[in-house]
Structure formats: structure tokens, C-alpha cells
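Observations on chain architecture
One letter stands for each residue in the lines below.
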2 protein chains.
Amino acid sequence: MTEKKIPYKIYLEESEMPRTWYNVRADMPIKPAPLLNPGTGKPMTAEELGGVFCDELVKQELDDTTREIPIPQEIQDFYKMYRPSPLVRAYCLEEKLQTPAKIYYKFEGNNTSGSHKLNSAIAQAYYAKEQGLTSLTTETGAGQWGTALAMACGFFGLDLHVFMVKCSAQQKPYRKAVMETYNARVTESPSAETAVGRAILAKDPDNTGSLGTAISEAVEEATSTEGCRYALGSVLNQVLLHQSIIGLETKTALEKIGVEPDILIGCAGGGSNLGGLIAPFMGDRLAGKRAPYFIAVEPASCPTLTRGTFAYDFCDVGKVTPLAKMYTLGSGFIPSPNHAGGLRYHGMSPVLSQLYHDGLIDEARAVEQTRVFEAATLFARVEGTLPAPESAHAIRVAMDEALKCKETGEEKVIVFGLTGTGYFDMAAYSAFRNGTMVDYIPTDEDLAVGFANIPHLEGIQ
Amino acid sequence: MTEKKIPYKIYLEESEMPRTWYNVRADMPIKPAPLLNPGTGKPMTAEELGGVFCDELVKQELDDTTREIPIPQEIQDFYKMYRPSPLVRAYCLEEKLQTPAKIYYKFEGNNTSGSHKLNSAIAQAYYAKEQGLTSLTTETGAGQWGTALAMACGFFGLDLHVFMVKCSAQQKPYRKAVMETYNARVTESPSAETAVGRAILAKDPDNTGSLGTAISEAVEEATSTEGCRYALGSVLNQVLLHQSIIGLETKTALEKIGVEPDILIGCAGGGSNLGGLIAPFMGDRLAGKRAPYFIAVEPASCPTLTRGTFAYDFCDVGKVTPLAKMYTLGSGFIPSPNHAGGLRYHGMSPVLSQLYHDGLIDEARAVEQTRVFEAATLFARVEGTLPAPESAHAIRVAMDEALKCKETGEEKVIVFGLTGTGYFDMAAYSAFRNGTMVDYIPTDEDLAVGFANIPHLEGIQ
């Protein structure tokens, strides 16, 4: 390798860091549909939502007109401990693939939670503290969100109770220990601590849990506990708002080096990373400016965008949450436990769902996990960083696109979100290495079971 | 918190990164004593060392006159994937401690190996590849060095066989999985694969291993295998040379913000981090310029500098290595398995030993592990990053010094090395949290057993 003009890592100065989040809803031609009260079928009011989320977050959740929302100074200061995150030029990956494509990734894993989740966790904890609340509840799957919220609550001195999807907790005992080090209490879900959990266990004592179930438990506890609210790490409008910092930094960094992306790729589970990464670039498209080709990548085992339906559905298994209009596999859909690493959610952010439905996200692509781990292992060896399985979905598609460029000779600029690190996913890496990892693709019959569970709302869908 | 003048993180530009390593031996008034052949009692020749290490590294090992040694372009390029590492201003820790001290740390944990070890690993793998070798062997304790060398060998396509201290391997199964993902073969030591290992197991089948034993096994295999050499992650002169990049970057970053350190603190096991961090600042002292007060921190359970003796000793348990003049507890010394997290080595880098013996390192301090984990947990909560137990030794002393400043009102500038992250040390964090962690301090009788094992060399010591 010889000296390169563009550095391997592009960092912003502290003074170049965003001071406002970008609210893409303000620019959307068709706004995401409002959350509905499942009892009345009417849009959730701020008062109703205020029982679940703290007040400022309710405001952000409902605000689809304010384009820029200031980041409070305390949150900006916390961001400075682990941000700006680097935009990395993947010179070594390009060389390995022998591609003329220029590959960049925005790396969000350089913090102890190991992912971008901290961007929203610290905001949610801050607003809870400002409101004088004393505790939060949440759910976690792979553990990144739970760890992030534990860090945020530990920082602001709030109590936190995490309901962790049972099969993930058992695959990753050390994730629990990390959260506890930050002073969180961690309970495996389904648990006997909530009515929802007890009902599920009574029917099926061996239930290995799902994000949807853990959400039900966390919401139940938050709404029945004094001074407590619920926090969610994805799907919600407020979360995508906070995560817009990923895209804002990425855009500023690319502008600094004078590079315009042709393809922008993010993995999508509930949508927090993808929504944050693409937000300001989508803003360009909505303003009629040049924008990259947007690709959402999801696991073939949980194909929400590629095989789901766009409908109002519950966000959880226990059906205690409001209804959201989104791409969904049905709240009863639980991906095979063989599926490793996140992106297991049955639904998708209403913002992203609407954008995809309206053709503003260009493509959704489902990938099988052995191909994902093949990409992850190669990436680790040539770029150094061991990626989270979730992030590796984006790596897989970035590599596929770069290999297409190799065939066509196109020098496309490919940018993807590397959301986190896979240090707690070694059981899955070992399974891949040992050849015991299997791909799971639900049949149409499997999906039909989930779809049957979606409520049919008179006059609405 | 209000806007601060000095940013939270100081990054160098790529163009400011060091292009040469600094060889502190060139400036030492009394050079570290040469390695001796245990058979002849004579200094090891380049030819003798060439059976163990690759040629260029032998040259670096023996060179105590060249002040600056160029970093090959390939290594500079690899460094750019994860360096420069940030120098972080610990604003949140200062606020938590309510200290007038200004605290900075150089954070080396932002790479998949989780520590500074990669700085030397990539150099050692590069020179091996350049010489046309096909494989390396090494040992690892906590696993950071093994992971780093696995990454480096994976990058350059060399085979690697890691002998991992058995009790560490069993405490940290996922460390092994990470190394395997980078294509290394990992064997628990003592093993039946070497004569040294078999002899130890014959005497004591339940032996839980030590770095010293693992070194013996790795050296035996390297010297008896075609195209293979041995790599060591600490102690050696060559390793301290490569690690000087830590101190060089730290010095440049401090100069950029116009700050002069009063106290410089590093944890010390074999000495790689401390030696690298202090090197250029020590160069200032040796040139008669202003320099900080140097503190080496070690575990009370393995008190090499504070309670060891300065003598020629073997670097390994099996006594297959050359003799090094160093502070040592005797090659037979094995710290209690209760001791968590690295810094378990019986000896200390000859460079640092000489500097300490000559009063050029101002102080060595031994700390107990519960106090170390108390500091680690506090640091994690206020600064975000979950530190490696090794690094937390330095945090403990930095906090102690900052608390002294609180009493005296002095605004000292305290800089310490945060060598890595503790994601694979959660069992120890849990033990601390559950109150089951115990402190172990060897008695004088315990130490006497190790000392009795140190060779008495006629006419030398």
C-alpha cells in the first residue's frame, strides 16, 4: 500500500459536531401514521403516552413538523466522551476484494455498549432525570440496548430494570454482568415478575422469549410503578430522531473530504441505525437534491420489509402497547432461536416503513446468516474490527455491491453503517466456524401464523 | 457542565502520527544488561537469538544505540486502521472526584484485541512475513496479546499457535473463540504438545498454568519447527520499542494542547505499556529537560518491582529462555488463581528494571485488587468505558493522586495509560460486585519459594 490522500479515519472536530438532531418527519410528504390506542382505535394523545414515556420524549414522538431539535448541553457533553465516531475508509477491504469501489463505514462500536444504541439511551435517561423520575424499565435482546441504557442510567443515577430475552441472556451471560456493573437489575424474560410474563410461562414454561414479550413486561412494570417510565431502543420516532446524529456526522465527514455517496447501506431490525444513518441524506432526496441509493438489509429469518405486510399492529407480544402502522410479520412472530444476533423484531420503525412504502428507500434486501458471518469473518481479518452480527448484514451487502463494481468497473462510493462490535457474539462466530450454524428461512406457512395475529381494524385497514 | 476549552478527546491527524519508534535505550546512561545464554553465562549472540526470533527483531532487540527506528510503511498503514488512539480528558471523573487535578488518559482499547498489544503484534508479524517465515507461536494470559497477534497474523496470512494459560482459557472461553475467528490455533497450557508441558503435567496434572510455562511451550515449538519463530508481547526490548508509539502520540497530543504532565502513571506486568507510555518523556528526563513524576503500578499479588529482587533470571518456568537481568519474583512464582486480569508475570522488562534501579522511574506502587475493581467500576460509570482490570491499576493510582490534589488544592496534570477494555473480564467484575473477590498478598515465605529458584551465576550476581 502506498500513501493515500484520504485518511483511513475521518474524525470531526468537537466544534463540528451536530448541536441539533434532524427530524426527517418534518420533510416527509406523507407522514408516518400516528400510534393508535388499541381500545378506541383513535390516535394516542400526549396524555396517554405520558404514562409510558417521559413528557419531553412524548413531545418528540408526536412532533412531525419541527425540522431541527436542539441537543441539550448535557447530552452534547456526554456525546463528547465517545463521539464523534470515525468514518472509516475501508482501504484494506477494497484491496482484498480487488474492487474499484470506494468503501466507507461509519463505526459506532467504540463505546462500552458496543453500538450506536448509546446515542438514544443517553437522551432518554437525561429527559427522565430532568423530569424528576427515579427509574426506567426496558427490554433487551442481543444486549446492546440494555447495556447502553444501563450506562446512561448509571451516569445520571437512575435505577434501571432490564427484561432480557431469555435465549439471549443464556447465550450471553457476560452481557448481564456488564449491565449489572453499571448498576442495572437484569431479569430474564418471560419472567414471573409481571402478569404478562406469568401468563406466557403458564402456557409455555419453556418459552425462550422475544423482544415483543420483553417489551410487554417492561411496559407493564413502568406503567404500574411510581416515578418510573419505559424506554425503547428502536422503532420509535424519538429514537430515530436521536440516532440522526449518525447520519449528520457521516454527512459532514463526507463533505469534509469532498465525497458524495452513491449507495448507503444499513442493517434494519427495528430501524434505529438505518433511520439515523440515512436521515439527512433522505432529507436531501426529499428536498429534490442528489441522494444515494438507499438499501435496508435484514435477516432472511426475520424478513419484515421484504416479506412483511404494511399494517397497524401491536409493538409487543402481550398486546399492551399502542398500535403502530408499520411493516410487520405479526406480533406473534418469533424467529428461530438458531438465528444469531439481533434484528429479530417483528415490526419496523413507522418512519422507515412509510418511506419504504412510498418508494423513498430504494431497496430492502434479506440475507442469510451464514453469508453474513462469512462477510463478518473476512471483514474482521482485513479491517481489524470484529463486527456485531447485526452490522455484518450491512457488510455483506456492501461487499456484494463492491463485487458488482468489480465486474462492471464502476468506482461507486459505498457507505455503510458499522453499528457495533461482536465481542459478546462469539458463540455464534464459533458456530459459523465449526460449521454448525444453520440458515433459517420461514416458509409462507410460518409467516401466515404471524400474519393471522395482526388485528383487523374496522375502517382503518 | 459548561463548554470546555480543551476537547474531551484529542486526536492527532494522520500526518502527525509517528513515523519512527523511539528507542530509549540509546539515551540511557546505564544500558539494560544483555540477555545471557544460560549454558555459557555469556551474552546471547544475534545468531543464537535468531533461532527464536526473526532476524530484524533480533537486530532491534540488541540495538541500544539507534535512537529512532523507522516504522515500515505497511505497519504505518495498519496503525492507521485503529490509531491514532485518543488522548482523553477525564472531565467527568474530575467532576465526580471533585478534584482540581486535570486528568488525562491515553486510551488504547479501541481495537478488537482490546488493548495496546496490537502495536507490537503487527510489527512482529510483519517482520516474520518479510523474512519469508510461515508461522509464529506465542503465549497468552488474559488473552489480549494472543488476540492481538492473531489479528496481526490473520492480516498477513501467517499461521499462529497460541499457548493460553489454562486458568485464563477456562475463565474466558470467548477469548479463544475470538483468536480462532482470526484463524489462530489455541491450546491450553500446560499441554501435552510439548516436552516442557508434558513434564509439568506429569508432576502436577492439575497445574492451572502460568505465563512462564506457556512461554516455555511456545519457545520449544518455535525452535523445533521449520519456518517458525516465537513472538512475545511484553518484557523484551523490541516490544518496548514498538510500544513507544503510545508515548510519542501522547506527547504530541499534549504539546498540541499546550499541557505539560506532572505525573505519568502506567500499569506494569511485563512492562510493555508502561515502557511505551513513558519512553519519550523519559527521553526528556535523560536529556536534562522537564519530565513528569513516573509511577509504575503493579498488583499486590504479584509485586515484582516493589518486593522483587534485581537479578539475572529465566523468563519462563521451564528455563528454556535466555537469562534476563530484571526485577523478578523468581521464574517459579505463580500468583494465586484468585488474582484476576493480567500483570501476573514474575519478571519485568530489563529496560524498566534498569530505569527503576537507577532511580529514573520515581516510584513503584502495589495495589490490591478489590481497590482496583472499585476504581474500575467507578470509572466505567462516569467515563463510560469499562476498563480492563490491568488498566484499572493505573486508574486506581490516578484517582488516589487526584484525591491528594483535592486535599492540597494542587491543579496537577495527571496522565495515565488506559491500556484496554474489560469486556472479557466480566467474571472478575461479577466477583467484585458479589463480594466474593478476595485480595491476595503473598507472605515473605511465599516469595522466598520463588526467590530460591533464581539461578546464582558465578561472578555475575
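These figures come from a predicted structure and were not determined experimentally. (Residues numbered from 1 in each chain as written. Chains lettered and ligands numbered in written order. Predicted model: local features only at pLDDT ≥ 70, side-chain atom pairs only at ≥ 80, totals over all residues. Heavy atoms only, no water.)

1. Observations concerning the overall build of chain A
Looking only at helices and strands, chain A features 18 helices and 15 strands. Overall size of chain A, expressed as C-alpha extent along the three principal axes, is 60 × 50 × 50 Å. Across the 461 residues in chain A, those meeting the buried criterion constitute 67%. Element-wise, carbon and sulfur atoms account for 50% of the exposed surface of chain A, whose accessible area totals about 15000 Å². The distance from the centre of the 42 positive side-chain charges to the centre of the 56 negative ones in chain A is 4 Å. (Helix = DSSP H or I, 4+ residues; strand = E, 2+ residues; numbered from the N terminus. Buried < 20%, exposed > 50% of the residue type's maximum accessible area, 1.4 Å probe, protein only. Areas by Shrake-Rupley, 256 points an atom, 1.4 Å probe, with all protein chains shown as cover. Lys, Arg positive; Asp, Glu negative; His and termini not counted. Charge placed at Lys NZ, Arg CZ, Asp CG, Glu CD.)

2. Examining the packing of aromatic side chains
A complete count under the given rule lists 34 aromatic pairs over all chains for this structure. Taken together, the ring pairs in this structure connect Phe-78, Tyr-79, Tyr-82, Tyr-126, Tyr-127, Phe-155 and Phe-156 of chain A into an aromatic cluster. (Phe/Tyr/Trp six-rings, centres within 6.5 Å; stacked < 30°, edge-to-face > 60°.)

3. Here we look at the interface of chain A and chain B
Counting residues at the interface gives 47 residues for chain A, matched by 46 residues for chain B. Where chain A abuts chain B, roughly 4500 Å² becomes buried across the two surfaces, and 55% of that area is made up of carbon and sulfur atoms. Joining chain A to chain B, the criterion identifies 0 salt bridges. Taken together, chain A and chain B are joined by 17 residue pairs in polar contact (both at pLDDT 80 or more). When contributions to the side of chain A that touches chain B are tallied by element, the ones reaching two or more residues are α3 (73-82), α6 (144-156), α8 (173-181), α15 (369-383) and α17 (426-434) of chain A. Its residues assigned to classes, the side of chain A that touches chain B shows 23 nonpolar, 12 polar and 12 charged. (Contact = heavy atoms within 4.5 Å. Buried area = accessible area lost by both parts, 1.4 Å probe. Salt bridge = Lys/Arg side-chain N within 4 Å of Asp/Glu carboxyl O. Polar contact = N/O pair within 3.5 Å; in protein donor to acceptor, adjacent residues only side chain to side chain. Nonpolar A, V, L, I, M, F, W, Y, C, P; charged D, E, K, R; others polar.)

4. With respect to the relation of the copies chain A and chain B
Mapping chain A onto chain B leaves a residual RMSD of 0.0 Å; the transformation is a rotation of 180 degrees accompanied by 0.0 Å of translation along its axis. Here the two chains are linked by the operation of a two-fold rotation axis. For chain A, the residue whose C-alpha comes nearest the rotation axis is Asn-110 of chain A, separated from it by 3.0 Å. Most of the interface of chain A is mirrored in chain B, where 98% of its interface residues again form contacts. (Least-squares fit on C-alpha atoms with pLDDT ≥ 70 in both.)

5. Digging into the nonpolar core
In terms of nonpolar packing, the biggest core is built from 290 residues, with Trp-21, Ile-265 and Phe-416 of chain A together with Trp-21, Ile-265 and Phe-416 of chain B touching the most fellow members. Excluding its chain neighbours within four sequence positions, the residues that come into contact with Phe-416 of chain B are Ile-103, Tyr-104, Tyr-105, Lys-106, Ile-265, Leu-277, Phe-379, Ala-394, Ile-395 and Ala-398 of chain B. (Core = buried A, V, L, I, M, F, W, Y, C linked by side-chain atoms within 4.5 Å.)

6. Examining the sheet that holds strand β14 (residues 363-367) of chain A
Residue and element names in this part refer to chain A. Overall, mixed pairing links the 7 strands, which are arranged β1-β4-β5-β15-β10-β11-β14 in an open sheet. What marks the edges here is a single partner per strand, and that holds for β1 (9-10) and β14. Looking at chain direction, β1 and strand β4 (residues 87-89) are connected through 2 bridges and run antiparallel. Across the sheet, Ile-10 pairs through a bridge with Leu-87, a residue of β4. Packing against the sheet, helix α12 (residues 272-286) makes contact with β10 (263-267), β11 (293-299) and β15 (413-418), and its axis sits at approximately 155 degrees to β10. (Pairing = 2+ DSSP bridges. Axes fitted to C-alpha atoms, helices over the stretch in contact; angles between N-to-C directions.)

7. Some points on the packing of helix α5 (residues 118-130) of chain A against helix α11 (residues 237-256) of chain A
Residue and element names in this part refer to chain A. Two numbers describe how α5 lies on α11: the axes approach to 8 Å, and their chain directions differ by 125 degrees. In terms of axis orientation, α5 runs oblique to α11. Considering how the two elements wind past one another, α5 and α11 form a crossing that is right-handed. Across from Asn-119, Ser-120, Ala-123, Gln-124 and Tyr-127 in α5, the residues of α11 making contact are Gln-238, Val-239, His-242, Gln-243, Ile-245 and Ile-246. Looking at the contact of α5 with α11, its residues break down into 5 nonpolar, 6 polar and no charged. (Parallel < 35°, antiparallel > 145°, perpendicular 65-115°, else oblique. Left-handed = near helix turned anticlockwise from the far one by under 90°.)

8. Some details on the environment of Glu-95 of chain A
Residue and element names in this part refer to chain A. Here Glu-95 is to be found in helix α4 (residues 91-97). On the accessibility criterion, Glu-95 (44% relative accessible area) is partly exposed. Considering only alpha carbons, one finds Glu-95 and Val-382, 287 residues apart in sequence, at a separation of 9.2 Å.

9. So, unusual backbone geometry
Residues and elements named next belong to chain B. With an omega of -5 degrees, the peptide bond running from Arg-83 to Pro-84 counts as cis. Turning to its location among the elements, Pro-84 is positioned in the loop between α3 (73-82) and β4 (87-89). Pro-190 follows Ser-189 through a cis peptide bond whose omega is 5 degrees.

10. Brief notes about the sheet that holds strand β9 (residues 228-230) of chain B
Residues and elements named next belong to chain B. Ordered in space as β8-β7-β6-β9, the 4 strands form an open sheet in which the pairing is parallel. Sheet topology places β8 (185-189) and β9 at the edges, where each strand pairs with a single neighbour. Averaged over all neighbouring strand pairs, the angle between strand axes comes to 25 degrees, with direction disregarded. The sheet contact formed by strand β6 (residues 135-140) and strand β7 (residues 159-165) spans 6 bridges and is parallel. Pairing of Ser-135 across the sheet is with Asp-159, part of β7. Contacts between helix α6 (residues 144-156) and the sheet are confined to β6 and β7, with β6 contributing the most and set at about 160 degrees to the helix.

11. Comments concerning the packing of helix α2 (residues 55-62) of chain A against α11 of chain A
Residue and element names in this part refer to chain A. Packing of α2 against α11 brings their axes to within 7 Å, and their N-to-C directions diverge by 90 degrees. Between α2 and α11, the angle falls in the class roughly perpendicular. Where α2 approaches α11, its residues Leu-57, Gln-60 and Glu-61 are matched on the opposing element by Asn-237, Gln-238, Leu-241 and His-242. Classifying every residue of the contact of α2 with α11 gives 2 nonpolar, 4 polar and 1 charged.

12. Some remarks on α12 of chain A
Residues and elements named next belong to chain A. Here α12 is 15 residues long and its end C-alpha atoms lie 20 Å apart, about the 21 Å a rise of 1.5 Å per residue gives. When the local axis directions of α12 are compared, the greatest deviation, roughly 50 degrees, occurs at Ala-279, which is followed within four positions by the proline Pro-280. Where α12 terminates, the next one or two residues include Gly-288, which has phi positive at roughly 80 degrees. (Expected span 1.5 Å × (residues − 1). Bend = angle between axes of the 7 residues up to and from the residue.)

13. Quick look at α2 of chain A
Residues and elements named next belong to chain A. Those residues of α2 that fall on the buried side of the exposure criterion are Leu-57, Val-58, Gln-60 and Glu-61. Seen end-on, α2 carries its buried residues on one side only, within an arc spanning 165 degrees. Where α2 is buried, its residues meet β2 (20-22), α1 (46-50), β3 (68-70), α5 and α11. (Arc of directions from axis to C-beta.)

14. What about the environment of Glu-130 of chain A?
Residue and element names in this part refer to chain A. Structurally, Glu-130 can be placed in helix α5. A relative accessible area of 47% means that Glu-130 is categorised as partly exposed. Taking the C-alpha atoms as reference points, Glu-130 and Pro-261, 131 residues apart in sequence, are found 39 Å from one another.

15. A look at the pairing of strand β10 (residues 263-267) of chain B
All names here are of chain B. Among the 5 residues that make up β10, 5 are buried, leaving the element largely enclosed by the rest of the structure. Alternating positions in β10 separate into two faces, Ile-263, Ile-265 and Cys-267 on one and Leu-264 and Gly-266 on the other, with burial throughout. Bridge count between β10 and strand β11 (residues 293-299): 5 bridges; the pairing is parallel. Bridging from a neighbouring strand, Cys-267 pairs with Val-297 of β11. In this fold, the crossover linking β10 to β11 by way of helix α12 (residues 272-286) has right-handed handedness. For β10 and strand β15 (residues 413-418), the ladder comprises 3 bridges, and the chain directions are parallel. Each bridged residue has a counterpart across the sheet, and for Ile-265 the counterpart in β15 is Phe-416. (Right-handed = clockwise from strand over helix to strand, strands pointing away.)

16. Focus on the confidence of the model for chain A
Mean pLDDT over chain A stands at 94; residues scoring 70 or higher make up 98%. This prediction of the complex comes with two scores: 0.95 for pTM and 0.93 for ipTM. (pLDDT = per-residue confidence, 0-100.)

17. Some thoughts on the side chain of Gln-144 of chain A
Residues and elements named next belong to chain A. Relative to the elements of secondary structure, Gln-144 occurs in helix α6. Classification of Gln-144 by relative accessible area gives buried; the value is 8%. If near-sequence neighbours (up to four positions away) are discounted, Gln-144 is found in contact with Ser-113, Gly-114, Ser-115, Lys-117, Arg-175, Ala-388, Glu-390 and Thr-421.

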